[in-house]
Amino acid sequence: MRQAGMYSGILAGGRTGPHSFPLARIKKIMKKSGGNVNMISGEAPIVFSKACELLIEELTRRSWMVAMQRKRRTLHKEDVVSAVIATDIFDFLVNLVSDSTTPLDLTPVEREKLEF
C-alpha cells in the first residue's frame, strides 16, 4: 500500500506552509518589476503572497455575488469583469479586463449590492 506523500495535504485541503504562492516566483516578479531592485528580504515575498491571496479572495467573493445575481452557480469570466468594473477598489484592473468580452451591464441596484 502506498503511503501518503507530501502532496496529500494539498489535495486534502491542508496547507503546507504559511503562504499559498511560490515565493521564488514572487521574488522573480519583484526583481523584474523594478529597475534597481537587487536585494529582497525574506519577509517581503511572504507579504506579497498574502496580499495576492487577499486580492483573489475579495475578487472571487464579488464575482460570485454577480454570478448569484444572474441566477448562476458557475463563475464565468463575465462575472469577474463585471465585478472589476462595478468595484472602485479594482479600478487598477479595468484596463486589463476591458480588452476582454464586454460584460453584461449591471443595473444601479446590482452595483449597490456589490459595494460593501
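If you check an unreviewed UniProt entry, the chain appears there as Transcription factor CBF/NF-Y/archaeal histone domain-containing protein from Carya illinoinensis. The record in UniProt for the chain states the following under Subcellular location (unreviewed entry): "Nucleus".

Let's shift gears to the pattern of salt bridges. All chains considered together, the criterion is met by 5 salt bridges. The partner of E58 in a salt bridge is R61, with the nearest N and O atoms 2.8 Å apart. Of this pair, E58 and R61 both sit in helix α3 (residues 43-69), separated by 3 residues, roughly a single helical turn. For R61, a relative accessible area of 42% puts it in the partly exposed group. D79 is paired through a salt bridge with R72; the nearest N and O atoms lie 2.6 Å apart.

How each quantity is defined
- Residues numbered from 1 in each chain as written.
- Predicted model: local features only at pLDDT ≥ 70, side-chain atom pairs only at ≥ 80, totals over all residues.
- Heavy atoms only, no water.
- UniProt positions renumbered as here; feature names shortened; annotations may be inferred.
- Salt bridge = Lys/Arg side-chain N within 4 Å of Asp/Glu carboxyl O.
- Helix = DSSP H or I, 4+ residues; strand = E, 2+ residues; numbered from the N terminus.
- Buried < 20%, exposed > 50% of the residue type's maximum accessible area, 1.4 Å probe, protein only.

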